[in-house]
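# Inside the fold
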Amino acid sequence: MTTATKTILTAAHWGPMLVETAGDNVLSSRGALPTAHPNSLQTAVRDQVHSKARVRWPMVRKGFLASPEKPQGVRGQDEFVRVSWDEALDLIHAQHKRIRENYGPASIFAGSYGWRSNGVLHKAATLLQRYMSLAGGYTGHLGDYSTGAAQAIMPYVVGGNEVYQQQTSWPLVLEHTEVVVLWSANPLNTLKIAWNASDEQGMSYFEALRKSGKRLICIDPMRSETVDFFGDKMEWIAPHMGTDVAMMLGIAHTLVENGWQDEAFLARCTTGYDQFARYLTGESDGVAKTAEWAEAICGVSATTIRELAQLFHQHTTMLMSGWGMQRQQYGEQKHWMLVTLAAMLGQIGTPGGGFGLSYHFANGGNPTRRAAVLVSMQGTVKGGHDAVDKIPVARIVEALENPGGFYQHNGMDRHFPDIRFVWWAGGANFTHHQDTNRLIRAWQKPELVVISECFWTAAAKHADIVLPATTSFERNDLTMTGDYSNQHMVPMKRVVAPRDEARDDFEVFADLSERWEAGGRARFTEDKTDLQWLESFYRIAGERGAAQGVTLPPFATFWEANAILEMPESEQNARFVRFADFRRDPEKHPLKTESGKIEIYSRRIAEFGYGDCPPHPMWLAPDEWHGNAQPGQLQLLSAHPAHRLHSQLNYSSLREQYAVAGREPMVIHREDAKARGIADGDLVRVWNGRGQVLAGAVVSDGIRPGVICIHQGAWPDPDEGGLCKNGAVNMLTKDLPSSKLGNGCAGNTALAWVEKYHGAAPALTAFDPPASA
Ligand SMILES: Nc1nc2c(c(=O)[nH]1)N[C@H]1C(S)=C(S)[C@@H](COP(=O)(O)OP(=O)(O)OC[C@H]3O[C@@H](n4cnc5c(=O)[nH]c(N)nc54)[C@H](O)[C@@H]3O)O[C@H]1N2
Ligand SMILES: Nc1nc2c(c(=O)[nH]1)N[C@H]1C(S)=C(S)[C@@H](COP(=O)(O)OP(=O)(O)OC[C@H]3O[C@@H](n4cnc5c(=O)[nH]c(N)nc54)[C@H](O)[C@@H]3O)O[C@H]1N2
Ligand SMILES: [Mo]
């Protein structure tokens, strides 16, 4: 007898999908929205559910199980022992209680950063925090890895973070913009996902842009997939990594040389231009930031820099910026200088001119719909405790290394908590954090490490207790599409039953809450099942929608229908121009900055007195860049990958589309390869003082000489000597903050050496569960 096949609608970060099943077997998956740009990630559901890398049942590290209060052995080197769910949860409960009683709530780190799976109910880290709020509080995190620098500086400059806000609408850009600049942005890759589910509209706008005949420029040390997509319709300009502020200063100086800066806009809508202008012209430091000065630093010719200044001045120009260049030391300066340049051009607040920091992410610029917007699970139970402390998210290793240590963050003087217990749920911190070897050393410090995971990630392999989590395809949930557009509501119906002993994070934390206090389960769940929660989120969405003239069908009807609900368009939102009100009348519509205007000089930042974040945008040479590279060293770029979301799906068959010599690819310029005797497809070793990895060479003209790229997100797979067999780039990156302002991730500031690897190619073990599992 054959099992009947069924097609079930669900959604991931990478958009709504139709999954074909036979019983609990996933056969295939594909996108559920019509699109001219099929998204490779949507084909991987079968691999996700049935992967050999799945965590099948609760596991405890042997040396931990032997004496949980004084664990033996070394995390990451020990064997694992299978236990029952009850044993695992009893063990966690007892140790959690002991640690909390002895060291207080700040000793428990539940910041647990990560991209988990989408959905409004099964939010792994939020559920962890909800349980910890019931138990008495915890240490959480501030900011994120994505935009740590930009989101910290932008509120001082323009009064909002800009990186997670709606952009001037695409229809207006297509109508009015004459020059589009993609500055450190690769939308072809990065638009494949959104924090909710992707609405998949962004690429259709870039498609229209390709056909528009407008002047298109990409500024990026690598010829990205996006440049290839535009082909000869786009000009590619490749500065040295980390030197964009110098290049922008060169453009700004050219504006001043020619009297092209918009004095009226600067006077009406900005403050502090004069202080900045003294730096720009060299009056304050004796160095004029001319195009020639910039060329010497960024490697882009003075002629090109001058041409760009003229082009931007003469045309309606939209500076669309991605975030790779701010994931660097002094990352704050990048977008501050970009906004300063846009202010000098005087086009901010016009339809089609100015700057936008989220056209490359979550389909920013796709107009916001009139919508019934879902609410989602909250990280605090009624009467529970919030985080008692928060550390900047990318400073976790320093916190482990230096309990009680002093640090500064965004105008605050603080001390690191003494972390004894770390729980990660829904994040892959062994791939996302910089300088993995330093992390591995610091990771020995806590008394207890628990990892909730669907897969045997490197973090799981370095845990004391590993709990198997369901994937989003094994439970019921709901999602919106489009972080800005709210274009659709999508039911995420359970596609298959949970694999092996995997459980929903929701159920696990509910059980632990009951162990914590009698009635804890009911307090955690508010006595609601998963479907009752979804129904309540849906009901609130319906109330919100009603105010917008949107009526939802009854929940049961919606759930039964297994269909996408599309929200109606809003004519008004389709004409949205960012900063339009402010530009028209800055007195009546002030920005949320100290002065109410765009701040090119910030008095508040001046007061902080941070050497690494001066009070107006400045060129600062990073600790590691081409300007101080030793002979043979190359700058290391770790851009976001085409066929993964970070580390997610690295184990899947999509890997066959990009792996080279069985490893993560490393893009290297032809000349740099030739100088090292490296041919396309060769196995290479990449190393520096922090670590070493094997990678597969992709010899190319599509990268600036002196720069190599290994995309972020390959799973760490170190052998006994610490050589990573899979090519995890963070083995090589530097763990330093962007500055004391944002303390953001600086993964794109690093130098490394490369050589052809002559040893026998070692077997890849990244995706193998521990032998004992
Ligand atoms: N060098 C360098 N490093 C970088 C970057 C860079 O550009 N360069 N980029 C940084 C950026 S911007 C980011 S956002 C981070 C990304 O870092 P992360 O967000 O940590 O990366 P993901 O691979 O998405 O990790 C999500 C994990 O959650 C697990 N998961 C999924 N669903 C569930 C669930 O329902 N329950 C549980 N318990 N687990 C689940 C997945 O299996 C996966 O292991 O990386 C950062 N690191
Ligand atoms: N397919 C896919 N999509 C994703 C993700 C993913 O992992 N996979 N991750 C998602 C997440 S969480 C985030 S935060 C966003 C990340 O979005 P971004 O941060 O914008 O993505 P990146 O690829 O890190 O960087 C964009 C471009 O900046 C370039 N760049 C790096 N350094 C410099 C520099 O010094 N100067 C200049 N001019 N350019 C530079 C890179 O070469 C790259 O092409 O993407 C999101 N979208
Ligand atoms: Mo991110």
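Just so we're clear, the structure is a prediction, and the values are computed from it rather than from any experiment.

What counts and what doesn't
- Residues numbered from 1 in each chain as written.
- Chains lettered and ligands numbered in written order.
- Predicted model: local features only at pLDDT ≥ 70, side-chain atom pairs only at ≥ 80, totals over all residues.
- Heavy atoms only, no water.
- Helix = DSSP H or I, 4+ residues; strand = E, 2+ residues; numbered from the N terminus.
- Rg over C-alpha atoms; globule rule 2.2 N^0.38 Å.
- Contact = heavy atoms within 4.5 Å.
- Areas by Shrake-Rupley, 256 points an atom, 1.4 Å probe, with all protein chains shown as cover.
- Lys, Arg positive; Asp, Glu negative; His and termini not counted.
- Charge placed at Lys NZ, Arg CZ, Asp CG, Glu CD.
- Near = heavy atom within 4 Å.
- Polar contact = N/O pair within 3.5 Å; in protein donor to acceptor, adjacent residues only side chain to side chain.
- Nonpolar A, V, L, I, M, F, W, Y, C, P; charged D, E, K, R; others polar.
- Domains from an automatic or database assignment.
- Buried area = accessible area lost by both parts, 1.4 Å probe.
- Salt bridge = Lys/Arg side-chain N within 4 Å of Asp/Glu carboxyl O.
- Buried < 20%, exposed > 50% of the residue type's maximum accessible area, 1.4 Å probe, protein only.
- UniProt positions renumbered as here; feature names shortened; annotations may be inferred.
- Axes fitted to C-alpha atoms, helices over the stretch in contact; angles between N-to-C directions.
- Parallel < 35°, antiparallel > 145°, perpendicular 65-115°, else oblique.
- Left-handed = near helix turned anticlockwise from the far one by under 90°.
- Pairing = 2+ DSSP bridges.

## Some thoughts on the overall build of the protein
- In terms of helices and strands, the protein carries 27 helices and 30 strands.
- Here the C-alpha atoms of the protein give a radius of gyration of 26 Å, agreeing with the 28 Å that 2.2 N^0.38 yields for 773 residues.
- The principal-axis extents of the C-alpha atoms in the protein amount to approximately 75 × 65 × 55 Å.
- Here the contacts in the protein between residues at least 6 apart in sequence split such that 75% fall between residues at least 24 apart.
- Total accessible area on the protein stands at roughly 26,700 Å², and carbon and sulfur atoms take up 48% of it.
- Separation between the mean location of the 74 positive side-chain charges and that of the 85 negative ones in the protein comes to 2 Å.

## What to know about the site of ligand 2
- Among the 34 residues in the neighbourhood of ligand 2, the closest are listed as Asp220, Gly242, Asp244, Arg327 and Arg644.
- Within the side chain of Asp244, an N or O atom sits 2.6 Å from a nitrogen atom of ligand 2.
- His360 places a side-chain nitrogen or oxygen 3.3 Å from an oxygen atom of ligand 2.
- Out of a free accessible area of 900 Å², ligand 2 has 99% covered by protein chains.
- Partitioning the shell around ligand 2 into residue classes produces 15 nonpolar, 14 polar and five charged.
- Both domain 3 (148–368 + 576–608) and domain 4 (626–756) contribute no fewer than three residues apiece to the shell around ligand 2.

## Some points on the domain arrangement of the protein
- Assigned domains of the protein: these are domain 1 (5–50), domain 2 (59–143 + 385–566), domain 3 (148–368 + 576–608) and domain 4 (626–756).
- Using only C-alpha atoms to locate each centre, domain 3 and domain 4 end up separated by 28 Å.
- When the two sides are added together, the surface that domain 3 and domain 4 hide from each other amounts to roughly 2,300 Å², 58% of it contributed by carbon and sulfur.
- Considering only the side of domain 3, the residues that lose the most area to domain 4 are Met222, Met241 and Arg327, jointly responsible for 31% of the buried surface there.
- For the interface between domain 3 and domain 4, the tally reads zero salt bridges.
- There are 19 residue pairs in polar contact (both at pLDDT 80 or more) connecting domain 3 and domain 4.
- Elements supplying a minimum of two residues to the side of domain 3 that touches domain 4: α5 (150–158), α7 (187–190), α13 (291–298) and α26 (603–608).
- The biggest single contributor to the side of domain 3 that touches domain 4 is α5, with three residues.
- For the side of domain 3 that touches domain 4, the residue count by class is 16 nonpolar, ten polar and five charged.

## What to know about the side chain of Lys493
- Locating Lys493 in the fold gives a position in the loop between β21 (488–492) and α20 (505–516).
- Glu560 provides the closest opposite charge to the buried, unpaired Lys493, separated from it by 4.6 Å.
- Excluding its chain neighbours within four sequence positions, the residues that come into contact with Lys493 are Ile8, Leu9, Thr10, Arg475, Asn476, Trp559, Glu560 and Asn562.

## Comments concerning unusual backbone geometry
- In this model, Asp500 sits at a positive phi of 45°, which is unusual for a non-glycine residue.
- Here Asp500 shows up in the loop between β21 and α20.
- The backbone phi angle of Asp527 is positive, close to 60°, even though this residue is not glycine.
- Here Asp527 is to be found in the loop between α21 (520–525) and α22 (530–547).
- Asp527 sits in the exposed class, given a relative accessible area of 63%.

## Quick word on the UniProt feature "domain: Molybdopterin oxidoreductase" (unreviewed entry) in the protein
- Summarizing the sequence annotation, UniProt attributes the feature "domain: Molybdopterin oxidoreductase" (unreviewed entry) to residues 54–515 in the numbering used throughout.
- The annotated region residues 54–515 carries 37% helix and 16% strand content, and the separation between its end C-alpha atoms amounts to 27 Å.

## Here we look at the packing of helix α10 (residues 244–257) against helix α15 (residues 332–345)
- The contact between α10 and α15 brings their axes to 10 Å, and the two run at 20°. In this view, α10 runs roughly parallel relative to α15, as classed from their interaxial angle. Remark: the crossing between α10 and α15 carries left-handed chirality. In this structure, α10 contributes Val245, Met248, Leu249, Ile251, Ala252, Leu255 and Val256 to the contact, and α15 contributes Gln333, Lys334, Met337, Leu338, Leu341, Met344 and Leu345.
- Taken together, the residues of the contact of α10 with α15 break down into twelve nonpolar, one polar and one charged.

## Some details on the environment of Met492
- Position of Met492 among the secondary structure elements: in strand β21.
- Under the relative-accessibility criterion, Met492 is labelled buried at 0%.
- Placed 42 residues apart in sequence, Met492 and Val450 show a C-alpha to C-alpha distance of 28 Å.
- Discounting chain neighbours no more than four positions away, the residues touching Met492 are Leu9, Thr10, Ala11, Asn118, Gly119, Ser472, Arg475, Asn476, Asp477, Leu478, Thr479 and Trp559.

## Thoughts on the site of ligand 1
- In the vicinity of ligand 1 lie 34 residues, with Trp115, Ser117, His432, Glu453 and Ser647 positioned nearest.
- Note that an oxygen atom of ligand 1 is positioned 2.7 Å from one of the backbone N or O atoms of Trp115.
- Within the contact set of ligand 1, an oxygen atom lies 3.3 Å away from a backbone nitrogen or oxygen of Gly426.
- In terms of residue class, the shell around ligand 1 is built from ten nonpolar, 19 polar and five charged.
- When residues of the shell around ligand 1 are sorted by domain, at least three fall in each of domain 2 (59–143 + 385–566) and domain 4 (626–756).

## Some words on the environment of Asp413
- Following the sequence through the fold, Asp413 ends up in strand β16 (residues 412–415).
- Relative accessible area serves as the criterion here: at 53%, Asp413 is assigned to the exposed category.
- Those residues in contact with Asp413, other than ones at most four positions away along the chain, are Phe406, Tyr407 and Gln408.
- Within the structure, Asp413 has its side chain in polar contact with the side chain of Gln408 (distance 3.2 Å).

## Focus on the sheet that holds strand β20 (residues 477–480)
- Taken together, the three strands give an open sheet; going across it, the order is β20-β21-β22, and neighbouring strands pair in antiparallel fashion. At either end of the open sheet lies a strand with only one pairing partner, and these are β20 and β22 (565–566).
- Judged from the two bridges that link them, β21 and β22 form a sheet pairing that is antiparallel. Each bridged residue has a counterpart across the sheet, and for His488 the counterpart in β22 is Glu566.
- Its contacts with the sheet put α22 on β20, β21 and β22, and the angle it makes with β20 is roughly 30°.

## Observations concerning the sheet that holds strand β2 (residues 15–22)
- In spatial order, the strands read β1-β2-β3; together these three strands make up an open sheet with antiparallel pairing. Either end of the sheet is taken by a strand with one partner, and the two such strands are β1 (5–12) and β3 (25–31). Across the sheet, the mean angle from the axis of one strand to that of its neighbour is 30°, orientation sign disregarded.
- The sheet contact formed by β2 and β3 spans six bridges and is antiparallel. Within β3, the residue paired with Leu18 across the bridge is Arg30.

## A word on the pairing of strand β8 (residues 179–183)
- Along β8, five of the five residues are buried, which leaves the element largely enclosed by surrounding structure.
- A two-sided burial pattern is seen for β8, the buried positions comprising Val179, Val181 and Trp183 on one face and Val180 and Leu182 on the other.

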